[in-house]
Amino acid sequence: MSSLDSFFASIELPLMSNVGHELITTLNLPAVSIAQVRTIIARDPALSANLLRAANSAEFGLPRGVGTLDEAIAMVGLSRVRAMAVGACLSGAFVVLPGLDRRAFWQSSMRCAGYAQWLAGGLGIDTQMAWLTGMMLRLGELLIAQVQPDTLAQIEHQPQPPGARWLREKQLVGYSEGQITAELARRWNFPMQIVQALQRASDPLLEQAYSRLGAVVHLAGLLADMTAADVSSLPQLPVEVIDSLHLDLDWLQETFPAHDSFVDIVGL
């Protein structure tokens with residue numbers, strides 16, 4: 001038994017809803033229809049209502065209001081609605097433990113998701129897969145806190161420069177949050193591209209098999225750790241990771257996203 005198997009043997013896996021599991025299954029399909037996704041989401045009336053509320057919020061800036069899931073998917077996009085729904089199911093499966101601010105935790109996860117989506121868009125990578133992978137990155141920390149609650153204060157100790165949490169997790173537990181989330185994603189049958197990206201997110205250049213999505217999520221995670229990140233934060237990012245992705249510095253500066261452009265699923 002590997003040490004990760006031992007780690008997971010000591011926890012109770014989060015209970016994902018049936019709707020969440022069915023949506024994850026569609027991520028592995030080569031093609032999925034609007035009808036399939038709508039039918040799955042519609043089985044959870046509360047989730048459906050909250051997705052409609054989100055779609056009608058100022059964050060999306062739709063030219064007109066939407067009143068049905070079909071309209072929301074048509075206006076917002078199938079991939080984005082599905083990613084938001086999976087994200088909401090994931091957030092509902094986890095209880096943020098004492099010592100960790102729930103709202104701050106999910107806001108950080110949403111910043112990571114938003115930055116990952118932005119970077120992926122400039123690289124021709126699936127933007128909604130990037131959004132979902134970025135959103136999931138910190139979930140492993142919640143499992144660490146379940147197994148070793150006394151380590152949470154040390155992991156979250158301030159000051160916490162970007163990337164410090166990953167180093168602390170490896171020192172205290174032996175694994176980063178992304179590596180633990182990757183194993184959870186594997187057990188929940190997420191696409192292997194997401195699993196591999198999470199495995200490599202904390203150290204994308206040290207792994208034998210390079211993952212572009214993992215490098216994207218690495219940069220997104222660092223930016224998410226900077227609560228007031230803006231264009232002036234770009235020099236703090238590791239040049240070697242930027243170079244590995246062949247990101248254009250002018251593009252990064254010209255398109256850097258505003259915080260209020262990120263979707264907030266805290267209330268979903």
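In what follows, the structure referred to is the one given above.
Residues numbered from 1 in each chain as written. Predicted model: local features only at pLDDT ≥ 70, side-chain atom pairs only at ≥ 80, totals over all residues. Heavy atoms only, no water.

Looking at the overall build of the protein chain
- In terms of helices and strands, the protein chain carries 16 helices and zero strands.
- The C-alpha radius of gyration computed for the protein chain amounts to 18 Å, which stays within 12% of the reference 18 Å derived for 268 residues, consistent with globular compactness.
- Seen along its three principal axes, the alpha-carbon backbone of the protein chain occupies a region of about 50 × 45 × 35 Å.
- The proportion of buried residues among the 268 residues of the protein chain is 54%.
- Excluding contacts between residues fewer than 6 apart, the proportion of contacts in the protein chain whose partners are at least 24 apart in sequence is 67%.
- Considering the protein chain, the positive charge centre built from 17 side chains and the negative charge centre built from 26 side chains are found 6 Å apart. (Helix = DSSP H or I, 4+ residues; strand = E, 2+ residues; numbered from the N terminus. Rg over C-alpha atoms; globule rule 2.2 N^0.38 Å. Buried < 20%, exposed > 50% of the residue type's maximum accessible area, 1.4 Å probe, protein only. Contact = heavy atoms within 4.5 Å. Lys, Arg positive; Asp, Glu negative; His and termini not counted. Charge placed at Lys NZ, Arg CZ, Asp CG, Glu CD.)

Remarks on the nonpolar core
- Membership of the largest hydrophobic core comes to 97 residues, with the highest contact counts inside it found for Ile41, Leu90, Leu132, Met136, Ile180 and Phe190.
- Among residues more than four places away in sequence, those in contact with Leu90 are Met16, Leu132, Met135, Met136, Leu139, Trp188 and Phe190. (Core = buried A, V, L, I, M, F, W, Y, C linked by side-chain atoms within 4.5 Å.)

Remarks on the packing of helix H2 (residues 18–27) against helix H6 (residues 78–93)
- Orientation of H2 relative to H6, taken along the N-to-C sense of each, is 140°, at an axis distance of 9 Å. One element, H2, and the other, H6, form an angle in the oblique class. Crossing handedness for the pair H2 and H6: left-handed. Taken together, the residues of H6 that come into contact with H2 (itself represented by Val19, Gly20, Leu23, Ile24, Thr26 and Leu27) are Arg82, Ala85, Val86 and Cys89.
- Residue classes in the contact of H2 with H6 are distributed as seven nonpolar, two polar and one charged. (Axes fitted to C-alpha atoms, helices over the stretch in contact; angles between N-to-C directions. Parallel < 35°, antiparallel > 145°, perpendicular 65-115°, else oblique. Left-handed = near helix turned anticlockwise from the far one by under 90°. Nonpolar A, V, L, I, M, F, W, Y, C, P; charged D, E, K, R; others polar.)

Quick notes on the packing of aromatic side chains
- Enumeration over the complete set of coordinates arrives at seven aromatic pairs.
- Judged by centre distance (6.4 Å) and plane angle (75°), the rings of Phe94 and Trp188 are edge-to-face. With Phe94 in the loop between H6 and helix H7 (102–121) and Trp188 in the loop between helix H12 (177–187) and helix H13 (192–200), this pair connects stretches of sequence that are 94 residues apart.
- Taking relative accessible area as the criterion, Phe94 reaches 7% and is therefore assigned buried. (Phe/Tyr/Trp six-rings, centres within 6.5 Å; stacked < 30°, edge-to-face > 60°.)

Points about the pattern of salt bridges
- For the coordinates displayed, the defined rule picks out 11 salt bridges.
- With a closest N to O distance of 2.3 Å, Arg43 and Glu22 form a salt bridge. With Arg43 in the loop between helix H3 (34–42) and helix H4 (45–55) and Glu22 in helix H2, this pair connects stretches of sequence that are 21 residues apart.
- Put simply, Asp70 and Arg38 hold a salt bridge, and the shortest N to O gap is 2.8 Å. Highlighted residues: Asp70 in helix H5 (residues 69–76) and Arg38 in helix H3, separated in sequence by 32 residues.
- Taking the relative accessible area as the measure of exposure, Arg38 reaches 26% and is therefore partly exposed. (Salt bridge = Lys/Arg side-chain N within 4 Å of Asp/Glu carboxyl O.)

A few points about empty space enclosed by the protein
- Under the criterion given, the structure shown has two cavities of 30 Å³ or more.
- Taken as a whole, the largest cavity spans an internal volume of roughly 50 Å³.
- As for the largest cavity, its lining consists of Leu51, Ala54, Ala55, Phe60, Ala72, Val76, Val81 and Met84.
- Among the elements that make up the lining of the largest cavity, the one with the highest residue count is H4 (three residues). (1 Å grid on protein atoms, 1.4 Å probe; cavity = no way out; pocket = protein on both sides within 12 Å on 5 of 7 lines; lining within 4 Å. Points joined across faces, edges and corners; volume = space filled by probe spheres on them.)

Digging into the layout of surface pockets
- Within this model, the largest pocket holds a volume of roughly 270 Å³.
- Residue assignment for the lining of the largest pocket shows that the elements contributing at least two residues are H7 and helix H14 (212–225).
- For the lining of the largest pocket, the leading source of residues is H7, giving five residues.
- Residue composition of the lining of the largest pocket, grouped by class: four nonpolar, five polar and six charged.

Looking at H14
- Compared with an ideal rise of 1.5 Å per residue, which puts 14 residues at 20 Å, H14 spans 20 Å between its outermost C-alpha atoms and is within 8% of the ideal.
- Counting buried positions along H14 yields 13 of 14 residues, so the element is predominantly enclosed. (Expected span 1.5 Å × (residues − 1).)

Some remarks on the state of the cysteines
- Summed over the entire model, instances satisfying the criterion amount to zero disulfides.
- Between Cys112, a free cysteine, and Cys89, which holds the nearest cysteine sulfur, the sulfur-to-sulfur gap is 19 Å. (Disulfide = S-S within 2.5 Å.)

A short note on the environment of Ala153
- Considering the arrangement of structural elements, one finds Ala153 in helix H10 (residues 152–155).
- Of the residues examined, Ala153 reaches a relative accessible area of 58% and is grouped as exposed.
- Expressed as a C-alpha distance, the spacing of Ala153 and Leu100, which sit 53 residues apart in the sequence, is 8.6 Å.

Comments concerning the environment of Thr26
- Along the chain, Thr26 falls in helix H2.
- Relative accessible area serves as the criterion here: at 5%, Thr26 is assigned to the buried category.
- Sequence separation between Thr26 and Gln36 is 10 residues, and the spatial gap between their C-alpha atoms is 8.6 Å.
- Excluding residues within four positions of it along the chain, Thr26 makes contact with Val32, Ile40 and Arg82.

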